[in-house]
Amino acid sequence: METKGGVESCMNRALATVRAATEVLTSAGCEADLLQGICDITVHHGAYRFAWVAYPGEDGANQVLRPMAHAGYESGYLAQVCTGRASSCAGSGPATTAIRTGKTVIVRSDSDSSIPGCDKADFGNSRSCIALPLRWNKETYGALVILASRTGSFDQREAEELGELADKLSAGIYSLRLKKNHRSVERALRNEKEAQEALSRILSLGLRPISLVEKLDKVLDILFEVSWLGLEKEGSVFLARGRELRLVAQRHLNPELQCLCDSVPFGYCLCGQAAAQGATVFRQHLGDDHPVRFDGITDHGHYCQPILSSEGVLGVLNLYVPAGHIQDDAESAFVRAVSDSLAGIIERELADQERQRLAAVVEASPDYVCIGDVDATPNYFNGRARALLEHCGISDYASCRLFSDEASERIRREGIPTALREGIWQSEGVIRMENRNLPVSQVILAPRDGSGKPAFLATICRDISDRKEAETAAEQIAVREKQFANAVINSLPEIFFLLDFSGRLLRWNVNFERELGYTSEALAQMRLTDLAAPSDFEACVEAFTAARVAGVSIEVELQTLTGRKVPYVINAMPIDEPEHTRAAIVGVGMDISNRKALEAEMERRACHDFLTGLLNRHCFTEHLERELDRADRYECPVTLILLDIDDFKSVNDAHGHDVGDRALKHVASCLQNAVRSADVLARWGGEEFVILTPETQLESGRFLAEKLRVELERARFSPVGTITASFGIAEYQPREGADTLLKRVDNALYAAKHAGRNCVHRG
Ligand SMILES: Nc1nc2c(ncn2[C@@H]2O[C@H](COP(=O)(O)OP(=O)(O)OP(=O)(O)O)[C@@H](O)[C@H]2O)c(=O)[nH]1
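Residues numbered from 1 in each chain as written. Predicted model: local features only at pLDDT ≥ 70, side-chain atom pairs only at ≥ 80, totals over all residues. Heavy atoms only, no water.

(A) Quick look at the overall build of the protein. In terms of helices and strands, the protein carries 21 helices and 28 strands. Within the protein, buried positions represent 44% of all 763 residues. By sequence separation, contacts in the protein at least 24 residues apart represent 54% of the contacts at least 6 residues apart. A total accessible area of about 40100 Å² is found for the protein, and carbon and sulfur atoms account for 51% of it. (Helix = DSSP H or I, 4+ residues; strand = E, 2+ residues; numbered from the N terminus. Buried < 20%, exposed > 50% of the residue type's maximum accessible area, 1.4 Å probe, protein only. Contact = heavy atoms within 4.5 Å. Areas by Shrake-Rupley, 256 points an atom, 1.4 Å probe, with all protein chains shown as cover.)

Structure, rendered in structure tokens:
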């Protein structure tokens with residue numbers, strides 16, 4: 001226990017401390033000074049062994065005590081208290097307990113184990129401890145801890161006095177913090193105002209009629225004037241071109257550095273890193289990742305702030321700061337705001353450049369260009385269009401009507417709605433001019449704005465008069481060529497036709513219609529093979545199938561509408577399909593009726609006797625050979641009759657050759673009328689006739705010969721009167737041959753002559 005004198009002395013030291021603290025409490029300029037002042041006074045005026053102020057803090061995930069000020073003899077005590085688990089904020093040491101509970105904690109003996117940890121603490125020969133919570137307005141700042149060298153210190157009165165000191169200290173902390181806050185708020189407001197003014201100056205630069213480089217230079221100047229920014233008066237702006245940064249503006253940059261930084265690839269050095277990452281790069285010092293160096297370069301820090309748009313990286317704002325500069329939230333936010341403003345300026349500039357380029361192109365375009373509102377009110381015409389309007393005497397552009405009423409109506413009803421709906425409408429139209437109409441191709445465009453709505457309407461008309469003239473000329477040439485082709489094919493003496501691959505008639509000449517008698521409507525539904533005579537149909541199909549790949553020539557009979565069969569020789573060949581047709585085969589056909597008739601006549605003449613019209617000897621012999629072959633093969637009977645007019649010489653002599661000729665015809669006629677159709681009658685020569693009677697035996701032959709003899713004798717021929725003939729007959733003996741048979745029948749005839757004529761003899 002303390003003695004009465006000791007108690008007084010304890011009270012005195014507490015009172016001395018409180019008294020001495022008054023000046024510090026009112027005069028301290030900052031919190032650190034206040035805390036340190038109180039600790040000093042506690043030790044020097046209160047003669048306590050040790051005093052310190054603990055604030056709660058964090059070390060990673062651990063809550064710890066932070067000594068904010070201390071005075072007196074401590075001998076490693078602080079380190080032990082602040083790192084020991086028992087005295088951590090989560091622990092139960094005096095300082096921790098006071099902070100956590102908000103109540104004063106007193107330890108009067110270093111053997112007091114009521115507060116765990118205190119017994120283990122090295123009090124540095126101190127024997128008592130008081131931990132006073134520093135609280136104000138329900139906020140606990142920390143604890144004032146005072147150690148005394150004697151056991152049993154800090155009775156209730158001393159503790160109350162010291163508690164008052166702690167309350168005053170808490171009020172002082174509160175007051176200083178309040179002042180500090182006021183100052184920082186005032187400073188922040190001042191800085192904010194300055195920043196806003198700088199930003200508005202930067203933004204207004206975007207509207208000034210100066211080049212982008214000048215604008216960027218001035219932005220750097222404005223930044224250097226912002227007093228609270230810790231910038232060096234040195235900086236630059238890069239613009240991105242592809243994956244490269246180009247130095248476009250700078251202030252006070254070392255000339256050598258200007259050369260080195262003229263072009264910086266994305267990813268290279270600090271600015272390249274900022275561009276590649278799209279994020280701020282800040283460095284306090286010139287480090288290894290700043291490879292751009294020159295002789296005499298001094299250490300400095302960097303703000304490399306990417307200038308970003310929604311499309312990507314536009315460039316980098318590069319600001320220099322003194323070496324060791326500490327980045328400040330307000331400063332970082334301001335630099336970001338400046339880069340956002342720069343993005344706006346650059347984007348507008350690029351858009352302006354693009355617009356100017358487009359405007360120059362549109363203005364110089366050879367097309368007629370009109371740009372107007374989405375309600376189709378025109379508000380711009382390019383040079384070509386203005387010239388056209390002037391030419392047409394139109395001065396009121398807003399209400400000009402260049403197109404015909406019909407075309408205007410179509411544009412209004414179809415063109416503009418389609419363009420507004422689909423973005424584009426294309427057509428052709430005609431512009432009315434004073435002397436002529438100007439054919440144009442027209443395109444109406446409706447580009448959309450950022451919200452997807454049509455922003456304006458642009459009408460582009462192109463003079464297509466040259467093309468139209470060429471098309472008209474080509475059409476006229478095509479018409480003329482068609483007329484010429486028609487004239488040619490219609491003047492052909494042959495029939496002409498074009499077939500498609502299925503053989504259907506595509507085109508034909510007038511001869512075709514005339515000779516076959518069908519109408520063009522009927523022909524348009526027909527194939528050429530439909531016209532073939534039934535007997536020629538198969539051959540016709542075969543020929544025109546072959547004509548798809550190679551030329552063919554075919555003789556075929558075509559049947560006219562009336563059923564008449566006309567022989568044609570048709571030459572047909574495949575053709576390359578002319579444009580827009582299905583033509584596959586072209587052909588011409590010549591009517592060969594005359595040739596066929598001539599051939600028939602020639603054949604007839606070759607086989608027939610010109611006087612009597614009967615088969616001649618040559619043809620008869622062929623018949624005879626064939627028939628005898630058949631008789632040999634099938635052993636069928638054949639009988640030959642040979643007759644000779646009696647005393648014919650006297651007919652000629654008496655009546656002349658003309659009568660003789662007629663007499664021969666008379667005999668031929670009589671014979672022709674008397675024989676059967678299976679018999680073959682021929683003039684053998686002179687006044688001799690021969691009859692081949694197939695399937696006839698000798699007796700039947702003799703009967704026939706006798707019948708003929710009688711018929712001939714009975715038939716009177718004027719002016720000659722009776723004409724008779726002698727007959728020789730012979731039946732063919734198997735395999736005796738024609739010559740032998742003829743010899744035998746000739747002998748029989750001779751015998752008949754010898755026998756007195758007008759009779760029949762067998763050989
Ligand atoms: N008018 C005419 N006379 C012909 C033709 N061919 C032959 N003759 C004549 O027929 C006559 C045949 O006379 P011949 O051979 O003496 O026989 P024939 O007078 O009939 O006496 P036979 O046969 O013995 O009865 C000749 O005068 C021939 O000129 C002919 O085509 N026309």
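From this point, the narrative continues.
(B) Expanded view of the sheet that holds strand β6 (residues 235–241). The sheet built from six strands is open, its strands ordered β8-β7-β6-β11-β10-β9 with antiparallel pairing. With partners counted over all chains shown, the strands left at the sheet margins are β8 (263–265) and β9 (281–283), one partner each. Across the sheet, the mean angle separating the axes of adjacent strands is 25 degrees when strand polarity is ignored. By the bridge criterion, three bridges tie β9 to strand β10 (residues 300–309) in an arrangement that is antiparallel. Bridge pairing links Phe282 to Tyr303 in β10. (Pairing = 2+ DSSP bridges. Axes fitted to C-alpha atoms, helices over the stretch in contact; angles between N-to-C directions.)

(C) Layout of the state of the cysteines. Scanning all chains against the criterion turns up one disulfide. Disulfide pairing is shown between Cys607 and Cys619; the S-S distance is 2.5 Å. On the criterion of sequence distance, the pair formed by Cys607 in helix α16 (residues 593–607) and Cys619 in helix α17 (residues 617–634) is long-range, its members being twelve residues apart. (Disulfide = S-S within 2.5 Å.)

(D) Quick peek at the pattern of salt bridges. What the rule picks out here adds up to 41 salt bridges. With a closest N to O distance of 2.9 Å, Asp289 and Arg283 form a salt bridge. Residue classification places Asp289 among the partly exposed residues on the basis of a relative accessible area of 24%. Relative accessible area serves as the criterion here: at 26%, Arg283 is assigned to the partly exposed category. Taking the shortest distance from any N to any O, the salt bridge between Arg762 and Glu699 comes out at 3.9 Å. Of this pair, Arg762 sits in strand β28 (residues 760–762) while Glu699 sits in helix α20 (residues 698–714), and the two are 63 residues apart along the sequence. Here the salt bridges do not stand alone but share partners, grouping Glu428, Arg467, Lys468 and Glu471 into one network. (Salt bridge = Lys/Arg side-chain N within 4 Å of Asp/Glu carboxyl O.)

(E) Quick look at the sheet that holds strand β4 (residues 128–136). Judged by pairing direction, the sheet is antiparallel, and its five strands sit side by side in the order β2-β1-β5-β4-β3 without closing on themselves. If you trace the sheet from one side to the other, it starts and ends with β2 (62–72) and β3 (105–107), each paired once. Looking at each pair of strands side by side, their axes are set apart by 20 degrees on average, direction ignored. Sheet topology places β3 next to β4; three bridges connect them, and they run antiparallel. Across the sheet, Val107 pairs through a bridge with Cys129, a residue of β4. With respect to the sheet, helix α2 (residues 31–44) is in contact with β1 (50–59), β2 and β5 (139–148), its orientation differing from that of β2 by roughly 55 degrees.

(F) Structural view of the confidence of the model for the protein. Per-residue confidence for the protein gives a mean pLDDT of 89, with 93% of residues at or over 70. Note on residues 1–5: pLDDT is under 50 here. Beyond four places in sequence and across chains, it has six contacts. Predicted confidence for residues 113–123 stays below pLDDT 50, and this span has 26 contacts to residues more than four positions away or in other chains. Reported confidence for the predicted complex is 0.94 by ipTM and 0.46 by pTM. (pLDDT = per-residue confidence, 0-100.)

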